[in-house]
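Structure assessment
Residues per chain are reported as follows:
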Amino acid sequence: MQHILLLNGPNLNRLGKREPDIYGSETLEDLESRIIAKGRELGASVSTFQSNHEGELIDRLHLAADEEIDGIIFNPGAFTHYSYAIRDAVASIPVPVIEVHISNVHNREPFREHSVIAPVAAGQIAGLGFLGYDFALQALIHKQGKEESND
Ligand code: DQA
């Protein structure tokens, strides 16, 4: 069984209440239970973690390497745009990370266009709402399956 971590950064605990015109009306709990259910359908177990604190996100990324997590779906929130410490944490672990953004960061304020995480991520999905997390889950499961068949 594959183990996937769903990691959400700052302010994503406010989903459902926060700028619903941009982020929709579903909550973080809705998102987490949906990805857990999708994972189950695809034969993967999904753990979830959300934090508003940079250091806690870094500690969770490090722990994922020790726990032999196979892939991480990560929405780093605003840290995406400036946290070199989170970028270094992603680069420090051998686990593939797919960066996800609910909104289309390319048609909003200019500061959102740049990601310091993307160069060390396995891929990036933006602008597809919660569906982006589903695609990231599928991509990580597919990627891991391919790696195992190459062993
Ligand atoms: C976000 C986009 C970021 O720019 C913003 O700071 C967020 C959410 C998204 O999911 O669209 O907190 O990562």
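Parameters at a glance
- Residues numbered from 1 in each chain as written.
- Predicted model: local features only at pLDDT ≥ 70, side-chain atom pairs only at ≥ 80, totals over all residues.
- Heavy atoms only, no water.
- Patch = residues over 30% accessible without salt bridge, like charges linked within 9 Å, V, L, I, M, F, W, Y side chains within 5 Å.
- Areas by Shrake-Rupley, 256 points an atom, 1.4 Å probe, with all protein chains shown as cover.
- Salt bridge = Lys/Arg side-chain N within 4 Å of Asp/Glu carboxyl O.
- Helix = DSSP H or I, 4+ residues; strand = E, 2+ residues; numbered from the N terminus.
- Buried < 20%, exposed > 50% of the residue type's maximum accessible area, 1.4 Å probe, protein only.
- Pairing = 2+ DSSP bridges.
- UniProt positions renumbered as here; feature names shortened; annotations may be inferred.
- Contact = heavy atoms within 4.5 Å.
- Arc of directions from axis to C-beta.
- Axes fitted to C-alpha atoms, helices over the stretch in contact; angles between N-to-C directions.
- Expected span 1.5 Å × (residues − 1).

Moving on, we get to a nonpolar patch on the surface. Side chains of Leu128, Leu131 and Phe135 sit close together on the surface and give an oily, nonpolar patch of about 260 Å² of accessible area. Assignment of secondary structure puts phenylalanine 135 in helix α5 (residues 131-150). The exposure class assigned to phenylalanine 135 is partly exposed, which follows from its relative accessible area of 37%.

Glancing now at the pairing of strand β1 (residues 2-8). Burial runs high along β1: 6 of the 7 residues are buried. When β1 meets strand β2 (residues 44-50), the two strands line up parallel, connected through 7 bridges. Opposite glutamine 2, over in β2, you have alanine 44 as the bridge partner.

Mapped onto this structure's residue numbering, the UniProt feature "site: Transition state stabilizer" (unreviewed entry) falls at Arg18. By the secondary structure assignment, arginine 18 is in the loop between β1 and α1 (20-23). Residues in contact with arginine 18, not counting those within four places in the same chain, are Pro10, Asn11, Leu12 and Tyr23.

Here the focus is helix α4 (residues 84-92). Among the residues of α4, Ile86, Ala89 and Val90 are the ones counted as buried. Looking straight down α4, one finds its buried side chains confined to an arc of 100°; they lie on one side. Its buried side turned inward, α4 meets α3 (54-66), β3 (71-75) and β4 (97-101).

So, about the side chain of asparagine 75. Following the sequence through the fold, asparagine 75 ends up in strand β3. Looking at asparagine 75, the relative accessible area reads 3%, which means it is buried.

Below, the discussion takes up the UniProt feature "binding site: substrate" (unreviewed entry) in the protein chain. In the numbering used here, UniProt assigns the feature "binding site: substrate" (unreviewed entry) to Asn75, His81, Asp88, Ile102, Ser103 and Arg112. Their sequence span is 38 residues, while the largest C-alpha to C-alpha distance among them is 24.1 Å; these annotated residues do not converge on one region. Not counting the four nearest positions on each side in its chain, asparagine 75 is found in contact with Leu7, Asn8, Gly9, Leu12, Val100, His101, Ile102 and Tyr133. Mapped onto the secondary structure, arginine 112 falls in the loop between β4 and β5 (123-126).

Quick look at the sheet that holds β1 now. Spatially, the 5 strands line up as an open sheet ordered β2-β1-β3-β4-β5, and their pairing is parallel. Of all the strands in the sheet, the pair left with one neighbour each is β2 and β5. Pairwise comparison of adjacent strand axes, ignoring direction, gives a mean angle of 20° for this sheet. Against the sheet, helix α2 (residues 28-41) touches β1, β2 and β3, its axis set at about 160° to β2.

Looking now at α3. The first and last C-alpha atoms of α3 sit 19 Å apart over 13 residues, in line with the 18 Å expected at 1.5 Å per residue. Along α3, the positions that sit buried rather than exposed are Leu57, Ile58, Arg60, Leu61 and Ala64. Buried residues in α3, looked at end-on, bunch into an arc of 160°, giving them a common side. Turned more than 90 degrees from where α3 packs its buried face, Asp59 and Asp66 sit exposed. Buried residues belonging to α3 abut β1, β2, β3 and α4. In the stretch just after α3, glutamate 68 is the one whose phi turns positive, near 55°.

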